[in-house]
Amino acid sequence: MINRRTFSKAVGLGTGAAAVSLSGLQTNASASTAAHQPGGASVPTVPTVTPGTHTEFQTIKQVKAGLLNIGYAELGPAHGPVVICLHGWPYDIHSYVDVAPLLADLGYRVIVPYLRGHGSTRFLSRHTPRTAEQSAIALDIIALMDALKIHKAVLAGFDWGSRTADIISALWPERIKALVSTSGYLITKVKAQLEPALPAVEHNWWYQWYFATERGKKAMENEKERIALCRYVWTLVSPNWNFDDATYERTAEAFKNPDYAAIVLYNYRWRIGLIEGEHRYDRYEKLLAAQPSIGVPTVTLDAALDPFTPAGDGSTYRGHFTGPYEHRTIADIGHNLPQEAPTAFAQAVVDADHL
């Protein structure tokens with residue numbers, strides 16, 4: 001989710017005027033914005049799929065990587081160009097349940113991992129601190145790439161996934177072929193988070209403040225209560241998404257991970273400066289505090305109905321991206337963009353790969 005200070009500069013300007021109607025990508029495959037690249041190379045058009053066409057990943061694999069045994073779905077040819085799709089909070093790999101088959105059918109090897117504290121991903125040692133600094137999560141994905149012998153990949157994400165992909169693109173650009181980042185530049189500068197934002201911005205972040213309290217901690221540590229809380233968040237941040245009980249319940253299984261509460265609470269408390277991170281990550285966080293630029297080919301996406309989308313059609317974060325770049329605002333779509341608009345998201349991945 002977006003940096004509060006960046007959003008506070010834009011709040012009040014409204015998103016409607018900036019929204020480009022790309023929701024047609026879900027119903028009109030010819031709506032691709034990049035049928036051809038400047039060099040004349042043809043870019044595949046992603047076939048249209050109705051959201052919810054797919055419901056499950058057939059197989060979940062496990063691999064030891066860094067501090068974790070990571071659970072992940074894999075689709076597509078084993079030797080195809082790799083795309084790694086990263087989920088956010090409160091979501092899981094099912095955010096890509098329609099995106100992954102679309103990309104696999106185009107020849108991509110698609111990897112969709114559970115982030116630490118989610119689904120079947122587990123810490124290898126009970127002695128490892130259950131921390132969740134932004135750099136720690138990014139290093140998990142680097143370790144996953146190393147474990148799977150993936151030298152270079154397209155990274156695509158939203159929410160925590162966007163932040164993770166942004167960090168890897170900034171600090172390890174040699175591992176990145178291209179980037180799709182929903183909500184733009186999400187690398188957190190903790191010191192900036194210590195300053196108050198405008199009231200409307202603070203209101204949007206109610207759960208972040210809730211998690212800072214003992215009351216919020218108790219809610220997250222109670223499985224039934226956290227599952228109800230996460231469902232409520234879905235309704236707020238995706239107002240047009242009419243998901244059914246089964247859709248939510250499939251994802252909510254990932255919230256039963258024994259480390260889920262600890263990871264979520266740590267991430268949000270760390271992000272607003274309430275707790276210090278592990279010293280092993282200090283050097284990475286120092287680099288990230290400088291807000292490094294991202295030079296890999298990038299497509300940024302904004303979901304027009306996401307309350308965290310800044311006004312200005314990407315202009316508030318445009319300066320952070322110094323390489324080949326495109327921006328799109330997806331009309332009538334909320335925070336869980338890949339699951340709500342899978343064709344648009346998959347097309348962004350293909351187009352980023354051809355920038």
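## Here we look at helix α4 (residues 160-171)
Under the 1.5 Å per step criterion, the end-to-end length of α4 is 17 Å for 12 residues, consistent within 8% with the ideal 16 Å. What α4 keeps buried is the set W160, G161, S162, R163, T164, A165, D166, I167, I168, S169 and A170. Buried positions along α4 lie against β3 (82-86), α3 (134-147), β6 (153-157), β7 (176-182), α11 (260-271) and α12 (282-289).

## Digging into empty space enclosed by the protein
Counting across every chain of the model gives four cavities of 30 Å³ or more. As a volume, the largest cavity reaches approximately 60 Å³. Lining of the largest cavity is provided by Q134, I137, W160, R163, T164, T188, N267, W270 and R271. Contributing elements (two or more residues each) for the lining of the largest cavity: α3, α4 and α11. Here the lining of the largest cavity is composed, by residue class, of three nonpolar, four polar and two charged.

## Some remarks on the nonpolar core
One finds W89, L103, V112, V180, F211 and F345 to be the most contacted residues of the largest nonpolar core, which totals 109 residues. Beyond its immediate sequence surroundings of up to four residues, V112 is in contact with F57, G71, Y72, A73, C85, I93, Y96 and A100.

## Side note on the confidence of the model for the protein
In this model, the protein carries a mean pLDDT of 90, and residues with pLDDT of at least 70 account for 88%. Every residue in residues 1-36 scores below 50 in pLDDT, and together they form 104 contacts with partners more than four places removed in sequence or on other chains.

## A short note on the pairing of β6
Taken across its five residues, β6 has five buried, putting it largely inside the fold. Of the two faces of β6, the one holding A153, L155 and G157 and the one holding V154 and A156 are both buried throughout. Bridge count for β6 against β7 is five bridges, and the pairing is parallel. Looking at the pairing, A153 lines up with I176 of β7. The parallel pair β6 and β7, bridged by α4, forms a crossover whose chirality is right-handed.

The rules we used
Residues numbered from 1 in each chain as written. Predicted model: local features only at pLDDT ≥ 70, side-chain atom pairs only at ≥ 80, totals over all residues. Heavy atoms only, no water. Helix = DSSP H or I, 4+ residues; strand = E, 2+ residues; numbered from the N terminus. Expected span 1.5 Å × (residues − 1). Buried < 20%, exposed > 50% of the residue type's maximum accessible area, 1.4 Å probe, protein only. Contact = heavy atoms within 4.5 Å. 1 Å grid on protein atoms, 1.4 Å probe; cavity = no way out; pocket = protein on both sides within 12 Å on 5 of 7 lines; lining within 4 Å. Points joined across faces, edges and corners; volume = space filled by probe spheres on them. Nonpolar A, V, L, I, M, F, W, Y, C, P; charged D, E, K, R; others polar. Core = buried A, V, L, I, M, F, W, Y, C linked by side-chain atoms within 4.5 Å. pLDDT = per-residue confidence, 0-100. Pairing = 2+ DSSP bridges. Right-handed = clockwise from strand over helix to strand, strands pointing away.

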